[in-house]
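# Examination of the molecular architecture
One-letter residues, chain by chain:
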Amino acid sequence: MAIEHAFLPVLLGDEMNAYGMARAFYESYGVKPLALNHTNMEKIQQSDLFTFREVARLNIEERFVVALKAIAEEFSEKKLLLLACDEFYVKKIVQHKDELSSFFVIPYVDEPLANQLLKRESMYQLCAAYGFHYPAMHVCTVNDYEQLTMPFEYPVIIKPMNMTKYASCIFPGKKKVYTAHNEDEKDAIFHAIYKESAYRDDLMVQQYIPGEDANMRVVNAYVGQDHKVKLLSVGNPILEEHSPDGIGRYVAIMTTYDKELMDCVKTFLEALQFQGFATFDMKYDERDGLYKLLSMELHNELSNYYVTASGYNLMQYVADDFIRGSKQQLTYVQNKHLWTIVPNGVLFKYVLNEQLVIEAKSLIRQGLATDSIFNYKDMNAKRWLNVTLDNLSFYRKYKKYFNNKGLSNS
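An account of the accompanying structure is given in this report. Values in this document were obtained by computation on a predicted structure and should not be read as measured data. (Residues numbered from 1 in each chain as written. Predicted model: local features only at pLDDT ≥ 70, side-chain atom pairs only at ≥ 80, totals over all residues. Heavy atoms only, no water.)

## Observations concerning the nonpolar core
Grouped together as the largest cluster of nonpolar side chains are 120 residues, with contacts concentrated most on Leu 12, Phe 25, Leu 239, Phe 268, Leu 269, Phe 280 and Met 296. The residues contacting Leu 239, other than those within four sequence positions of it, are Asp 213, Tyr 250, Val 251, Ala 252, Val 342, Val 346, Leu 347, Tyr 350, Val 351, Tyr 398 and Phe 402. The next biggest cluster of nonpolar side chains, apart from the first, holds 20 residues, and it includes Tyr 145, Tyr 178, Ala 180 and Ile 193. (Core = buried A, V, L, I, M, F, W, Y, C linked by side-chain atoms within 4.5 Å. Buried < 20%, exposed > 50% of the residue type's maximum accessible area, 1.4 Å probe, protein only. Contact = heavy atoms within 4.5 Å.)

So, in C-alpha coordinates, the structure goes:
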(Lines give C-alpha, C1' and ligand atoms only; values in the text may rest on other atoms or scores of the structure.)
Protein backbone atom coordinates (compact mmCIF):
# COMPACT_ATOMS: atom_id res chain seq x y z
CA MET A 1 0.00 0.00 0.00
CA ALA A 2 1.36 3.41 -1.00
CA ILE A 3 2.31 5.79 1.78
CA GLU A 4 0.45 9.10 1.74
CA HIS A 5 2.47 12.19 2.52
CA ALA A 6 1.31 15.58 3.69
CA PHE A 7 3.64 17.35 1.25
CA LEU A 8 4.67 16.89 -2.36
CA PRO A 9 7.82 18.29 -4.01
CA VAL A 10 7.12 19.66 -7.50
CA LEU A 11 10.27 19.73 -9.66
CA LEU A 12 10.56 21.89 -12.79
CA GLY A 13 13.23 21.56 -15.43
CA ASP A 14 16.46 19.66 -16.01
CA GLU A 15 15.83 15.96 -15.50
CA MET A 16 19.43 15.05 -14.63
CA ASN A 17 19.43 17.53 -11.77
CA ALA A 18 15.96 16.41 -10.76
CA TYR A 19 17.06 12.80 -10.37
CA GLY A 20 19.46 13.53 -7.51
CA MET A 21 16.84 15.71 -5.83
CA ALA A 22 14.16 13.05 -6.22
CA ARG A 23 16.48 10.36 -4.88
CA ALA A 24 17.22 12.52 -1.84
CA PHE A 25 13.51 13.17 -1.14
CA TYR A 26 12.71 9.49 -1.47
CA GLU A 27 15.57 8.38 0.78
CA SER A 28 14.58 10.84 3.50
CA TYR A 29 10.77 10.71 3.40
CA GLY A 30 9.72 7.96 0.99
CA VAL A 31 7.96 10.62 -1.09
CA LYS A 32 8.01 10.59 -4.90
CA PRO A 33 8.18 14.13 -6.34
CA LEU A 34 6.02 15.28 -9.21
CA ALA A 35 8.34 16.08 -12.12
CA LEU A 36 6.94 18.44 -14.75
CA ASN A 37 8.05 18.73 -18.39
CA HIS A 38 11.14 16.58 -18.35
CA THR A 39 12.58 15.45 -21.65
CA ASN A 40 12.52 11.84 -22.71
CA MET A 41 15.73 10.53 -21.15
CA GLU A 42 15.05 6.83 -20.73
CA LYS A 43 17.28 6.26 -17.72
CA ILE A 44 15.41 9.03 -15.88
CA GLN A 45 11.90 8.47 -17.22
CA GLN A 46 12.06 4.80 -16.26
CA SER A 47 12.84 5.69 -12.66
CA ASP A 48 10.40 4.73 -9.95
CA LEU A 49 11.36 7.76 -7.83
CA PHE A 50 9.22 10.26 -9.81
CA THR A 51 5.71 10.81 -10.98
CA PHE A 52 6.06 12.37 -14.44
CA ARG A 53 3.66 14.87 -15.91
CA GLU A 54 3.84 16.64 -19.27
CA VAL A 55 2.26 20.11 -19.07
CA ALA A 56 1.71 21.67 -22.47
CA ARG A 57 3.61 24.94 -23.03
CA LEU A 58 4.59 25.33 -19.37
CA ASN A 59 7.59 27.39 -20.50
CA ILE A 60 5.35 29.96 -22.22
CA GLU A 61 4.81 33.10 -20.16
CA GLU A 62 1.01 33.21 -20.42
CA ARG A 63 0.73 29.52 -19.52
CA PHE A 64 3.18 29.27 -16.62
CA VAL A 65 1.08 30.48 -13.69
CA VAL A 66 -2.19 29.10 -15.07
CA ALA A 67 -0.73 25.62 -15.50
CA LEU A 68 0.85 25.57 -12.05
CA LYS A 69 -2.37 26.74 -10.42
CA ALA A 70 -4.13 23.80 -12.05
CA ILE A 71 -1.53 21.45 -10.57
CA ALA A 72 -2.04 23.08 -7.16
CA GLU A 73 -5.81 22.59 -7.36
CA GLU A 74 -5.34 18.93 -8.28
CA PHE A 75 -3.16 18.36 -5.20
CA SER A 76 -4.93 20.83 -2.93
CA GLU A 77 -4.81 18.46 0.05
CA LYS A 78 -1.01 18.61 0.14
CA LYS A 79 1.62 21.22 0.88
CA LEU A 80 3.39 21.70 -2.44
CA LEU A 81 7.10 22.53 -2.37
CA LEU A 82 8.02 24.17 -5.70
CA LEU A 83 11.64 23.69 -6.79
CA ALA A 84 13.49 24.57 -9.99
CA CYS A 85 16.15 22.30 -11.46
CA ASP A 86 17.61 24.85 -13.87
CA GLU A 87 18.09 28.60 -14.18
CA PHE A 88 15.19 29.12 -16.58
CA TYR A 89 12.63 27.89 -14.06
CA VAL A 90 14.31 29.69 -11.15
CA LYS A 91 13.71 32.91 -13.05
CA LYS A 92 10.11 31.96 -13.83
CA ILE A 93 9.34 31.06 -10.23
CA VAL A 94 10.82 34.22 -8.69
CA GLN A 95 9.18 36.36 -11.39
CA HIS A 96 5.76 35.03 -10.32
CA LYS A 97 6.53 34.39 -6.67
CA ASP A 98 3.73 36.63 -5.35
CA GLU A 99 1.09 34.88 -7.48
CA LEU A 100 2.35 31.36 -6.78
CA SER A 101 2.91 31.76 -3.03
CA SER A 102 -0.80 31.26 -2.37
CA PHE A 103 -0.55 27.75 -3.79
CA PHE A 104 3.05 26.64 -3.27
CA VAL A 105 5.79 26.82 -0.66
CA ILE A 106 8.56 28.72 -2.48
CA PRO A 107 12.06 28.67 -0.91
CA TYR A 108 13.57 31.38 -3.10
CA VAL A 109 14.55 35.02 -2.62
CA ASP A 110 12.43 37.77 -4.12
CA GLU A 111 12.90 38.81 -7.73
CA PRO A 112 15.13 41.92 -7.28
CA LEU A 113 17.85 40.01 -5.39
CA ALA A 114 17.49 36.95 -7.63
CA ASN A 115 18.04 39.08 -10.72
CA GLN A 116 21.15 40.64 -9.20
CA LEU A 117 22.62 37.23 -8.45
CA LEU A 118 21.66 35.60 -11.74
CA LYS A 119 23.18 38.36 -13.87
CA ARG A 120 26.93 37.78 -14.05
CA GLU A 121 28.07 41.42 -13.90
CA SER A 122 25.93 42.43 -10.91
CA MET A 123 26.68 39.14 -9.13
CA TYR A 124 30.41 39.83 -9.40
CA GLN A 125 29.93 43.36 -8.07
CA LEU A 126 28.06 42.05 -5.04
CA CYS A 127 30.57 39.27 -4.39
CA ALA A 128 33.61 41.54 -4.70
CA ALA A 129 32.42 43.53 -1.69
CA TYR A 130 32.67 40.36 0.43
CA GLY A 131 36.15 39.21 -0.50
CA PHE A 132 35.49 37.06 -3.57
CA HIS A 133 37.89 37.26 -6.48
CA TYR A 134 36.84 36.59 -10.06
CA PRO A 135 38.43 36.48 -13.53
CA ALA A 136 38.26 39.61 -15.67
CA MET A 137 35.30 39.61 -18.04
CA HIS A 138 33.65 41.60 -20.81
CA VAL A 139 30.13 41.35 -22.23
CA CYS A 140 29.64 41.90 -25.94
CA THR A 141 26.46 42.11 -27.99
CA VAL A 142 25.41 41.24 -31.52
CA ASN A 143 25.79 44.95 -32.34
CA ASP A 144 29.31 45.54 -31.05
CA TYR A 145 31.18 42.21 -31.15
CA GLU A 146 32.99 43.05 -34.40
CA GLN A 147 34.57 46.13 -32.78
CA LEU A 148 35.77 44.25 -29.68
CA THR A 149 39.37 44.92 -28.70
CA MET A 150 40.33 42.18 -26.27
CA PRO A 151 40.82 43.78 -22.82
CA PHE A 152 42.98 40.91 -21.51
CA GLU A 153 45.41 38.33 -22.82
CA TYR A 154 44.54 35.11 -24.64
CA PRO A 155 43.39 32.43 -24.11
CA VAL A 156 39.85 33.56 -23.30
CA ILE A 157 36.56 31.83 -22.56
CA ILE A 158 33.50 32.69 -24.66
CA LYS A 159 30.10 31.66 -23.37
CA PRO A 160 26.50 32.64 -24.24
CA MET A 161 24.83 34.65 -21.48
CA ASN A 162 21.36 33.30 -22.25
CA MET A 163 21.79 29.53 -22.19
CA THR A 164 18.05 28.93 -22.52
CA LYS A 165 17.90 30.61 -25.94
CA TYR A 166 21.27 29.22 -26.95
CA ALA A 167 20.12 25.66 -26.23
CA SER A 168 17.56 25.86 -29.04
CA CYS A 169 20.14 26.98 -31.63
CA ILE A 170 21.61 24.40 -33.99
CA PHE A 171 24.76 25.07 -36.04
CA PRO A 172 28.01 23.30 -36.99
CA GLY A 173 30.65 23.12 -34.27
CA LYS A 174 28.29 24.20 -31.48
CA LYS A 175 29.71 23.96 -27.97
CA LYS A 176 28.45 24.89 -24.53
CA VAL A 177 31.64 26.84 -23.78
CA TYR A 178 34.43 27.94 -26.14
CA THR A 179 38.12 28.62 -25.65
CA ALA A 180 39.84 31.05 -28.03
CA HIS A 181 43.65 31.06 -28.05
CA ASN A 182 44.08 33.96 -30.45
CA GLU A 183 42.26 36.64 -32.44
CA ASP A 184 41.45 34.34 -35.36
CA GLU A 185 39.85 31.73 -33.13
CA LYS A 186 37.85 34.42 -31.32
CA ASP A 187 36.56 35.82 -34.61
CA ALA A 188 35.63 32.34 -35.86
CA ILE A 189 33.63 31.64 -32.68
CA PHE A 190 31.80 34.96 -32.91
CA HIS A 191 31.04 34.34 -36.58
CA ALA A 192 29.68 30.84 -35.90
CA ILE A 193 27.38 32.03 -33.11
CA TYR A 194 26.12 35.31 -34.56
CA LYS A 195 26.23 34.53 -38.30
CA GLU A 196 25.43 30.82 -38.48
CA SER A 197 22.87 30.52 -35.67
CA ALA A 198 19.74 32.29 -34.50
CA TYR A 199 21.36 33.38 -31.22
CA ARG A 200 21.21 37.16 -30.75
CA ASP A 201 21.67 37.60 -27.00
CA ASP A 202 24.90 38.67 -25.28
CA LEU A 203 28.16 36.73 -25.07
CA MET A 204 30.52 36.71 -22.10
CA VAL A 205 34.23 36.90 -22.83
CA GLN A 206 36.26 35.97 -19.77
CA GLN A 207 39.89 35.57 -18.80
CA TYR A 208 40.92 31.92 -18.87
CA ILE A 209 42.22 30.33 -15.67
CA PRO A 210 44.71 27.55 -16.49
CA GLY A 211 44.78 24.28 -14.62
CA GLU A 212 43.31 20.80 -14.54
CA ASP A 213 39.78 19.78 -13.53
CA ALA A 214 40.89 19.18 -9.93
CA ASN A 215 41.56 22.93 -9.53
CA MET A 216 37.80 23.48 -9.45
CA ARG A 217 35.74 23.88 -6.27
CA VAL A 218 31.98 23.79 -5.87
CA VAL A 219 30.36 25.17 -2.72
CA ASN A 220 26.79 24.12 -1.95
CA ALA A 221 24.80 26.04 0.65
CA TYR A 222 21.37 25.86 2.16
CA VAL A 223 20.07 29.00 3.88
CA GLY A 224 16.94 28.82 6.03
CA GLN A 225 13.91 31.05 5.85
CA ASP A 226 15.38 32.88 8.87
CA HIS A 227 18.21 33.93 6.50
CA LYS A 228 20.80 31.96 8.48
CA VAL A 229 23.09 29.47 6.75
CA LYS A 230 22.26 25.93 7.86
CA LEU A 231 24.54 23.78 5.68
CA LEU A 232 27.76 24.37 3.78
CA SER A 233 29.68 21.79 1.78
CA VAL A 234 32.78 22.12 -0.39
CA GLY A 235 33.37 19.67 -3.20
CA ASN A 236 36.58 19.17 -5.16
CA PRO A 237 35.53 18.24 -8.72
CA ILE A 238 38.27 15.83 -9.76
CA LEU A 239 36.87 15.24 -13.26
CA GLU A 240 34.63 17.19 -15.62
CA GLU A 241 32.95 16.29 -18.88
CA HIS A 242 34.84 17.35 -22.00
CA SER A 243 32.34 16.77 -24.82
CA PRO A 244 31.06 19.90 -26.66
CA ASP A 245 27.53 19.72 -25.23
CA GLY A 246 28.60 18.84 -21.70
CA ILE A 247 31.89 20.70 -21.23
CA GLY A 248 32.39 21.86 -17.67
CA ARG A 249 29.76 19.55 -16.16
CA TYR A 250 31.13 17.77 -13.11
CA VAL A 251 31.17 13.97 -13.29
CA ALA A 252 33.21 13.20 -10.15
CA ILE A 253 33.48 15.17 -6.91
CA MET A 254 35.32 14.46 -3.69
CA THR A 255 34.21 16.29 -0.59
CA THR A 256 36.83 18.46 1.03
CA TYR A 257 36.93 20.91 3.94
CA ASP A 258 37.89 24.57 3.66
CA LYS A 259 36.74 26.61 6.63
CA GLU A 260 38.01 29.92 5.26
CA LEU A 261 36.05 29.46 2.04
CA MET A 262 32.94 28.34 3.94
CA ASP A 263 33.15 31.33 6.27
CA CYS A 264 33.37 33.68 3.29
CA VAL A 265 30.28 32.17 1.66
CA LYS A 266 28.36 32.19 4.95
CA THR A 267 29.10 35.88 5.57
CA PHE A 268 28.07 36.77 2.03
CA LEU A 269 24.75 34.89 2.03
CA GLU A 270 23.66 36.10 5.44
CA ALA A 271 24.54 39.71 4.61
CA LEU A 272 22.26 39.48 1.57
CA GLN A 273 19.39 38.07 3.63
CA PHE A 274 19.42 35.08 1.30
CA GLN A 275 17.24 31.96 1.56
CA GLY A 276 17.15 28.62 -0.22
CA PHE A 277 19.88 26.89 -2.22
CA ALA A 278 23.06 28.46 -3.57
CA THR A 279 25.75 26.81 -5.70
CA PHE A 280 29.11 28.52 -6.21
CA ASP A 281 31.59 27.35 -8.86
CA MET A 282 35.19 28.44 -8.37
CA LYS A 283 38.61 27.64 -9.77
CA TYR A 284 41.97 27.83 -8.04
CA ASP A 285 44.36 30.09 -9.92
CA GLU A 286 47.91 28.79 -9.44
CA ARG A 287 49.33 32.07 -10.72
CA ASP A 288 48.28 34.05 -7.63
CA GLY A 289 47.08 31.37 -5.20
CA LEU A 290 43.48 32.61 -5.15
CA TYR A 291 40.12 30.96 -5.77
CA LYS A 292 38.29 32.80 -8.56
CA LEU A 293 34.49 32.79 -8.53
CA LEU A 294 33.06 31.73 -11.89
CA SER A 295 29.34 31.51 -11.26
CA MET A 296 26.60 31.42 -8.65
CA GLU A 297 23.35 29.52 -9.19
CA LEU A 298 20.12 29.51 -7.18
CA HIS A 299 19.29 25.94 -8.17
CA ASN A 300 20.89 22.61 -7.43
CA GLU A 301 23.04 21.30 -10.25
CA LEU A 302 23.46 17.66 -11.29
CA SER A 303 26.28 17.23 -8.80
CA ASN A 304 24.19 18.33 -5.79
CA TYR A 305 23.78 14.71 -4.69
CA TYR A 306 27.42 14.65 -3.56
CA VAL A 307 26.27 16.54 -0.44
CA THR A 308 23.48 14.08 0.29
CA ALA A 309 25.81 11.12 -0.35
CA SER A 310 28.26 12.49 2.21
CA GLY A 311 25.59 12.23 4.90
CA TYR A 312 23.73 15.56 4.76
CA ASN A 313 20.53 15.28 2.73
CA LEU A 314 20.03 18.63 0.98
CA MET A 315 16.34 18.02 0.31
CA GLN A 316 15.74 17.18 3.95
CA TYR A 317 17.08 20.60 4.88
CA VAL A 318 14.59 22.46 2.67
CA ALA A 319 11.62 20.25 3.60
CA ASP A 320 12.33 20.28 7.33
CA ASP A 321 12.73 24.06 7.21
CA PHE A 322 9.83 25.15 4.99
CA ILE A 323 7.39 22.27 5.50
CA ARG A 324 8.02 21.01 9.02
CA GLY A 325 9.35 24.18 10.59
CA SER A 326 12.24 22.34 12.26
CA LYS A 327 15.03 24.29 13.93
CA GLN A 328 18.38 23.66 12.25
CA GLN A 329 21.91 24.34 13.39
CA LEU A 330 24.82 25.43 11.21
CA THR A 331 26.80 22.49 9.80
CA TYR A 332 30.04 22.53 7.85
CA VAL A 333 30.36 19.19 6.05
CA GLN A 334 33.64 17.43 6.82
CA ASN A 335 32.84 13.84 5.85
CA LYS A 336 34.99 12.42 3.05
CA HIS A 337 33.00 10.91 0.20
CA LEU A 338 33.34 10.35 -3.54
CA TRP A 339 30.42 11.14 -5.86
CA THR A 340 30.54 10.11 -9.49
CA ILE A 341 28.41 9.42 -12.56
CA VAL A 342 31.17 7.82 -14.66
CA PRO A 343 32.62 4.29 -14.54
CA ASN A 344 35.68 3.76 -12.36
CA GLY A 345 37.76 2.96 -15.46
CA VAL A 346 37.12 6.46 -16.82
CA LEU A 347 37.79 8.03 -13.44
CA PHE A 348 41.13 6.28 -12.91
CA LYS A 349 42.36 6.98 -16.44
CA TYR A 350 41.42 10.64 -16.86
CA VAL A 351 41.92 12.17 -13.41
CA LEU A 352 45.35 13.74 -13.88
CA ASN A 353 46.29 14.09 -10.20
CA GLU A 354 47.69 10.71 -9.11
CA GLN A 355 47.17 11.47 -5.42
CA LEU A 356 43.46 12.08 -6.04
CA VAL A 357 43.23 8.76 -7.91
CA ILE A 358 44.76 6.98 -4.91
CA GLU A 359 42.32 8.73 -2.58
CA ALA A 360 39.37 7.90 -4.83
CA LYS A 361 40.33 4.22 -4.91
CA SER A 362 40.60 4.23 -1.12
CA LEU A 363 37.13 5.74 -0.70
CA ILE A 364 35.68 3.18 -3.13
CA ARG A 365 37.27 0.32 -1.14
CA GLN A 366 35.79 1.75 2.08
CA GLY A 367 32.31 1.96 0.59
CA LEU A 368 32.41 5.76 0.68
CA ALA A 369 31.54 6.29 -2.99
CA THR A 370 28.18 6.88 -4.67
CA ASP A 371 26.97 6.97 -8.26
CA SER A 372 23.78 9.02 -8.01
CA ILE A 373 22.38 7.81 -11.36
CA PHE A 374 23.34 4.10 -11.14
CA ASN A 375 21.03 3.50 -8.19
CA TYR A 376 20.57 -0.20 -7.39
CA LYS A 377 17.40 0.52 -5.41
CA ASP A 378 15.81 2.14 -8.46
CA MET A 379 16.57 -0.34 -11.19
CA ASN A 380 14.51 -2.34 -13.63
CA ALA A 381 15.74 -4.16 -16.74
CA LYS A 382 15.13 -1.27 -19.15
CA ARG A 383 16.63 1.34 -16.85
CA TRP A 384 19.66 -0.88 -16.13
CA LEU A 385 20.26 -1.25 -19.88
CA ASN A 386 20.01 2.49 -20.57
CA VAL A 387 22.22 3.46 -17.64
CA THR A 388 24.79 0.82 -18.59
CA LEU A 389 24.88 1.98 -22.22
CA ASP A 390 25.27 5.58 -21.09
CA ASN A 391 28.13 4.60 -18.78
CA LEU A 392 29.89 2.80 -21.63
CA SER A 393 29.51 5.87 -23.83
CA PHE A 394 31.73 7.82 -21.41
CA TYR A 395 34.72 5.72 -22.54
CA ARG A 396 34.10 6.78 -26.14
CA LYS A 397 33.50 10.46 -25.30
CA TYR A 398 36.62 10.82 -23.13
CA LYS A 399 38.80 9.07 -25.71
CA LYS A 400 37.53 11.50 -28.35
CA TYR A 401 37.44 14.80 -26.47
CA PHE A 402 39.75 14.66 -23.47
CA ASN A 403 43.03 16.50 -23.47
CA ASN A 404 45.37 17.18 -20.57
CA LYS A 405 45.63 20.93 -21.04
CA GLY A 406 42.83 21.75 -18.61
CA LEU A 407 39.22 22.74 -19.15
CA SER A 408 37.46 25.95 -19.90
CA ASN A 409 36.17 28.04 -17.05
CA SER A 410 32.66 26.68 -16.44
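Structure shown, so let's carry the discussion forward.
## Thoughts on empty space enclosed by the protein
Within this structure, the stated rule accounts for 2 cavities of 30 Å³ or more. Quantified by volume, the largest cavity comes out at close to 60 Å³. Lining the largest cavity are 12 residues, and of these Glu 212, Asp 213, Tyr 350, Leu 352 and Phe 402 sit closest to its centre. Broken down by class, the residue content of the lining of the largest cavity amounts to 7 nonpolar, 3 polar and 2 charged. (1 Å grid on protein atoms, 1.4 Å probe; cavity = no way out; pocket = protein on both sides within 12 Å on 5 of 7 lines; lining within 4 Å. Points joined across faces, edges and corners; volume = space filled by probe spheres on them. Nonpolar A, V, L, I, M, F, W, Y, C, P; charged D, E, K, R; others polar.)

## Observations concerning the pattern of salt bridges
Working definition: two side chains of opposite charge can pair if their charged atoms are close together. Under the counting rule described, the total for this entry stands at 20 salt bridges. Between Lys 97 and Asp 110 there is a salt bridge whose closest N-O contact spans 3.0 Å. With Lys 97 in helix 5 (residues 97-100) and Asp 110 in the loop between helix 5 and helix 6 (111-118), this residue pair connects regions lying 13 residues apart in the sequence. A salt bridge links Asp 187 to Lys 186, with the shortest nitrogen-to-oxygen separation between them at 3.0 Å. Given a relative accessible area of 37%, Asp 187 falls into the partly exposed group. Linked through salt bridges whose partners overlap, the residues forming this network are Asp 285, Arg 287, Asp 288 and Lys 292. (Salt bridge = Lys/Arg side-chain N within 4 Å of Asp/Glu carboxyl O. Helix = DSSP H or I, 4+ residues; strand = E, 2+ residues; numbered from the N terminus.)

## Side note on helix 9 (residues 183-195)
If you check helix 9, its first and last C-alpha atoms are 17 Å apart, about what 13 residues at 1.5 Å a residue would give, namely 18 Å. Three or more residues of helix 9 are buried, namely Lys 186, Ile 189, Phe 190, Ala 192, Ile 193 and Tyr 194. In this fold, the buried residues of helix 9 make contact with strand 5 (137-140), strand 6 (156-160), strand 7 (178-180) and strand 8 (203-207). For helix 9, the capping residue at the N-terminal end is Asn 182, with a side-chain oxygen 3.2 Å from the backbone nitrogen of Asp 184. (Expected span 1.5 Å × (residues − 1). Polar contact = N/O pair within 3.5 Å; in protein donor to acceptor, adjacent residues only side chain to side chain.)

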